[in-house]
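# Report on the structure
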Amino acid sequence: MRKIAIALTKGGTGKSTTAVNLAAGLAAAGRRVLLIDTDTQGQDSLMLGVRPQTGLAQFVEQEVGADEAVVGARENLHLLAGDHTLAGLKRTIALKEFGGEKVLAEALAPLEDLYDYAILDTSPGWDPLTVNVLFYAEEILAPVSLEVLSLQGLIEFEQRIEDIQKYHARVALEYVLPTFMDGRVRKSSEILEQLRTHYRRQLCDPIRYNVRISEAPGFGRTVFEFAPRSAGAQDYGKLIERIENGA
Ligand SMILES: Nc1ncnc2c1ncn2[C@@H]1O[C@H](COP(=O)(O)OP(=O)(O)O)[C@@H](O)[C@H]1O
Ligand SMILES: [Mg+2]
């Protein structure tokens, strides 16, 4: 199973959008996908139009089993939903005397063979749960908004990843995904060039600014369902190809 964390300390860069559309696109291509929402905002279930009764927090705290916590969202796409109860899980993790950073990895281990991909959506910032995600994941995909200069944020984030690599050597920043690309805005292409200089290997083709991407969640639909011929669907389709090829 490939374990891909969608992460960046900065908020509003398209993490949830990417997690949901990537997971749904891979599932539509026939992969078995588990989407794990580790954000207290619980956006992913809303974006997919499902309303689970339980989710990640209850599963990790062993209040319910996987059969109850993991819900079907689409064919091949299962969801471990996030919500405000994750705040309690963060406290549980923080209070652990040792091994706190492995709580998520241990809880998810039994699901290993059931899926081809685990896609993990994360909250902005840096908290015990995000650290847990990075101790579990093996590939990190960082969506970087081209609207604001976030190169510095990405470089700082990479330093934190390096700290974690000392204990979890298999995790690495594998994909840098430019988002909110606007060809008409010069700043967009300038930031893109800077990203190319620093992250040539990881740089993916950008996701354009596309209003369909932001409208789809209001209908509980992915961009592929809501506007299959839109620029957003095309761009996320390309990302899925790249991830599938592992390049
Ligand atoms: N490429 C895009 N074009 C237009 N709107 C987008 C795009 N990507 C994300 N959005 C919108 O921007 C907002 C923030 O995106 P979101 O995925 O929630 O960011 P994050 O999870 O990093 O906080 C959402 O309203 C989303 O619909
Ligand atoms: Mg989010």
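Attention here is on the structure that accompanies the text. Model, not experiment: these values are computed from the prediction.

### Comments concerning the pairing of strand 6 (residues 139-145)
Of all seven residues in strand 6, seven are buried; the element is thus mostly enclosed. Side chains Glu 139, Leu 141, Pro 143 and Ser 145 project from strand 6 onto one buried face, and the interleaved Ile 140, Ala 142 and Val 144 project onto a second face that is buried too. Relative to strand 6, strand 1 (residues 2-6) runs parallel, the two being bridged by three bridges. Directly across from Ile 6, in strand 6, lies its bridge partner Leu 141.

### With respect to the packing of helix 8 (residues 151-165) against helix 9 (residues 186-198)
Where helix 8 meets helix 9, the axes come as close as 11 Å, and the angle between the chain directions of the two elements is 25 degrees. By the angle between their directions, the pair helix 8 and helix 9 is classed as roughly parallel. Seen along the crossing, helix 8 lies across helix 9 with a hand that is right-handed. Contact residues: Leu 151, Leu 154 and Ile 155 in helix 8; Gln 194, Leu 195 and His 198 in helix 9.

### Let's talk about the site of ligand 1
Close contacts around ligand 1 come from 13 residues, with Gly 12, Lys 15, Ser 16, Thr 17 and Asn 210 the closest. Contact with the protein chains hides 79% of the accessible area of ligand 1, taken as 560 Å² for the molecule alone. Going through the elements one at a time, helix 1 (15-28) and helix 10 (211-215) are the ones with two or more residues in the shell around ligand 1. When residues in the shell around ligand 1 are grouped by element, the largest group, three residues, is from helix 1. Here the shell around ligand 1 is composed, by residue class, of four nonpolar, seven polar and two charged.

### A short note on unusual backbone geometry
You will see that Gln 62, though not glycine, has its phi angle at about 60 degrees, which is positive. Relative to the elements of secondary structure, Gln 62 occurs in the loop between helix 3 (56-60) and helix 4 (66-69). Judged by its relative accessible area of 71%, Gln 62 falls in the exposed class. Despite not being glycine, Phe 180 shows a phi value in the positive range, around 55 degrees. Following the sequence through the fold, Phe 180 ends up in the loop between strand 7 (172-179) and helix 9.

### Focus on the side chain of Asp 37
Structurally, the position occupied by Asp 37 is in strand 2 (residues 33-37). The buried charged residue Asp 37 lacks any salt bridge, with Lys 90 as its nearest oppositely charged partner at 9.8 Å. When residues no more than four places from it in sequence are discounted, the contact partners of Asp 37 are Gly 42, Gln 43, Asp 44, Leu 56, Leu 80, Ala 81, Gly 82, Leu 86 and Asp 121.

### What to know about the pattern of salt bridges
Opposite charge on two side chains permits pairing when their charged atoms draw close. Taken as a whole and judged by the stated rule, the model has 16 salt bridges. A salt bridge links Lys 3 to Glu 138; the nearest nitrogen and oxygen atoms lie 3.7 Å apart. Residue Lys 3 is located in strand 1, and its partner Glu 138 is located in the loop between helix 7 (128-136) and strand 6; the two are separated by 135 residues in the primary sequence. Between Lys 90 and Asp 127 there is a salt bridge, and its shortest N-O distance comes to 2.8 Å.

### Let's talk about the packing of aromatic side chains
Summed over all chains, the structure comprises three aromatic pairs. Ring centres of Phe 219 and Phe 226 lie 5.0 Å apart, and the angle between their planes is 20 degrees; this geometry places the pair in the stacked category.

### Remarks on the packing of helix 1 against helix 12 (residues 231-245)
With their axes 10 Å apart at the nearest point, helix 1 and helix 12 run at an angle of 65 degrees to one another. Comparing their axes, helix 12 and helix 1 come out roughly perpendicular. Where helix 1 crosses over helix 12, the handedness of that crossing is right-handed. Judged by residue contacts, Thr 17, Thr 18, Asn 21, Leu 22, Gly 25 and Leu 26 of helix 1 engage Tyr 236, Leu 239, Ile 240, Ile 243 and Glu 244 from helix 12. Tallied by class, the residues present in the contact of helix 1 with helix 12 amount to six nonpolar, four polar and one charged.

### What about the sheet that holds strand 2?
Strands sit in the order 3-4-2-5-1-6-7 across an open sheet of seven strands; the sheet is mixed. In the strand order of this sheet, the two ends are held by strand 3 (70-74) and strand 7, each with one partner. Across this sheet, the average inter-strand angle for adjacent strands is 25 degrees, counted without regard to direction. Where strand 3 and strand 4 (residues 77-80) come together, four bridges link them in antiparallel fashion. Residue pairing across strands places Val 71 opposite Leu 79, the latter belonging to strand 4.

Conventions used here
- Residues numbered from 1 in each chain as written.
- Chains lettered and ligands numbered in written order.
- Predicted model: local features only at pLDDT ≥ 70, side-chain atom pairs only at ≥ 80, totals over all residues.
- Heavy atoms only, no water.
- Buried < 20%, exposed > 50% of the residue type's maximum accessible area, 1.4 Å probe, protein only.
- Helix = DSSP H or I, 4+ residues; strand = E, 2+ residues; numbered from the N terminus.
- Pairing = 2+ DSSP bridges.
- Axes fitted to C-alpha atoms, helices over the stretch in contact; angles between N-to-C directions.
- Parallel < 35°, antiparallel > 145°, perpendicular 65-115°, else oblique.
- Left-handed = near helix turned anticlockwise from the far one by under 90°.
- Contact = heavy atoms within 4.5 Å.
- Near = heavy atom within 4 Å.
- Areas by Shrake-Rupley, 256 points an atom, 1.4 Å probe, with all protein chains shown as cover.
- Nonpolar A, V, L, I, M, F, W, Y, C, P; charged D, E, K, R; others polar.
- Lys, Arg positive; Asp, Glu negative; His and termini not counted.
- Salt bridge = Lys/Arg side-chain N within 4 Å of Asp/Glu carboxyl O.
- Phe/Tyr/Trp six-rings, centres within 6.5 Å; stacked < 30°, edge-to-face > 60°.

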